[in-house]
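# Coordinate analysis (summary)
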Amino acid sequence: MDDSEVDTGKVVYDWDPPTGIIENYWFHENQVSKNDMRDMFQASRIKEYKGHKEKVHSVAWNCDGRRLASGSVDKTARVWIPHRGTDIKHSLELKGHTDSVDQLDWDPTHPDRLATASCDKTVRIWDQRSGKCTATINTGGENINICWSPNGNHIAVGDKSDTISIIDTRTHEILYKHEQKTEVNEIAWNAANDLFFVTTGQGTVRVFEYPEFTMFQSLRGHTGNCYCLEVDPTCKYLAVGGADALVTLWDMKTGVCVRSFSELSWPVRTLSFSYDGQLIASASEDHFIDISHVETGESLHHIDCSSAMNTVAWHPRDYYLAYAGDEMADGRHAGNLRIFSIKDQRPTL
């Protein structure tokens, strides 16, 4: 360092210390107060969609938000057009799996391509326009989780034997398999497509460099199994839900846990960020879904439920939350899903 730089007052260290909790609340591009936000939640609406014969394990929106897919224990997936109405006629059934459809995911680069993972040891890729299966990939294991890479080129699928298979979406071939030594519950890529996250049964998230699959770091923040995770849309945070009923929030740049959410009392089964990264929804066997403000950690609203929840998913462009669980009706699983929505209730000028 040149002494003259210090003497003349030039910036020597680029230091940007934290300034405290950010308490800004937004409704789309408009800043609102906390009370305004709470009022919007109180005036929320919930619509129910019935189409499966057994409970729904997974829901996911496509990249443009015009379609919602659901996967069920009844061996089918279904694609809904929610804005047209709740009637089953506004949906398309996808049949072909011979066992439970445990998880599904859309191609982030194409609004019509859907991938489903089943315990029948296959992954199927569908064109939702025709409802036809365009490819079937035999993985050799009972598949329980799936995710599509941000660039659309690969699909990762995990099975009950804790093996992760990477599928090339152009050739529909398995490129390679990675056998994990610990329990694998959920998997995800970062937006840059160069890191791959794996939750474990040891209370950690293992972070791999991709595509090399070399170990980069291990994030330890839970006292029990880690069950679910998601990267927020702004690429700032990684959220992890665990058996200790906590949701932890990790800074993607530093790998440091910046806060935790402790509203739930049972193991966290599922979580999802809103499209702007402002809100996080999480659910468990508690009979409610918690919606918290990411930057303050404050719980803003509870969505009451009659059963444990299996899946939650925020819409990619608006404040709509799809969710489904173990709800019963007439002594059997209802086979339903619901969509929660909030609207701006403030008077217009």
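The rules behind the values
Residues numbered from 1 in each chain as written. Predicted model: local features only at pLDDT ≥ 70, side-chain atom pairs only at ≥ 80, totals over all residues. Heavy atoms only, no water. Phe/Tyr/Trp six-rings, centres within 6.5 Å; stacked < 30°, edge-to-face > 60°. Core = buried A, V, L, I, M, F, W, Y, C linked by side-chain atoms within 4.5 Å. Buried < 20%, exposed > 50% of the residue type's maximum accessible area, 1.4 Å probe, protein only. Helix = DSSP H or I, 4+ residues; strand = E, 2+ residues; numbered from the N terminus. Contact = heavy atoms within 4.5 Å. Polar contact = N/O pair within 3.5 Å; in protein donor to acceptor, adjacent residues only side chain to side chain. Pairing = 2+ DSSP bridges. Axes fitted to C-alpha atoms, helices over the stretch in contact; angles between N-to-C directions.

### Concerning the packing of aromatic side chains
- Under the definition given, this model contains ten aromatic pairs.
- Through a chain of ring-to-ring contacts, the aromatic side chains of Trp189, Phe196, Phe208, Tyr210 and Phe213 assemble into a single cluster.

### Quick word on the nonpolar core
- Phe41, Ile289, Ile291, Leu321, Tyr323 and Phe340 are the most contacted members of the largest nonpolar core, which has 22 residues in total.
- Of all the secondary-structure elements, those providing two or more residues to this core are strand E1 (25–27), helix H2 (34–42), strand E25 (279–283), strand E26 (288–293), strand E27 (299–304), strand E28 (309–314) and strand E29 (320–325).
- Beyond its immediate sequence surroundings of up to four residues, Phe41 is in contact with Leu279, Ile291, Leu300, His301, Phe340 and Ile342.
- Counting 13 residues, the second-largest nonpolar core is a separate cluster that includes Cys228, Val247, Leu271 and Phe273.

### A word on the side chain of Ser274
- Considering the arrangement of structural elements, one finds Ser274 in the loop between strand E24 (270–273) and E25.
- Residue class for Ser274 comes out buried when judged on its relative accessible area of 0%.
- Here Asp276 takes part through its side chain, which lies 2.7 Å from a polar atom of the side chain of Ser274.
- From its side chain, Ser274 meets the backbone nitrogen of Gln278 in a polar contact 3.3 Å long.
- Among residues more than four places away in sequence, those in contact with Ser274 are Pro233, Leu279 and Trp314.

### Re the sheet that holds strand E3 (residues 45–50)
- What the four strands build is an open sheet, ordered E3-E32-E29-E28; its pairing is antiparallel. Lying at the two open borders of the sheet, with one neighbouring strand each, are E3 and E28. Within this sheet the neighbouring strands show an average axis-to-axis angle of 20 degrees, counted without direction.
- Note that E28 and E29 share five bridges and pair antiparallel. The residue of E29 that forms the bridge with Met309 is Gly325.

### Describing the sheet that holds strand E16 (residues 184–189)
- A sheet is described by the order of its strands in space; here four strands give the open sequence E16-E17-E18-E19, paired in antiparallel fashion. Unpaired on one side and paired on the other, E16 and strand E19 (214–220) mark the two borders of the sheet. Strand-to-strand twist in this sheet, taken as the mean axis angle between neighbours without regard to direction, amounts to 20 degrees.
- Note that strand E17 (residues 195–200) and strand E18 (residues 204–209) share five bridges and pair antiparallel. Along E18, the bridge assignment pairs Thr199 with Val205.

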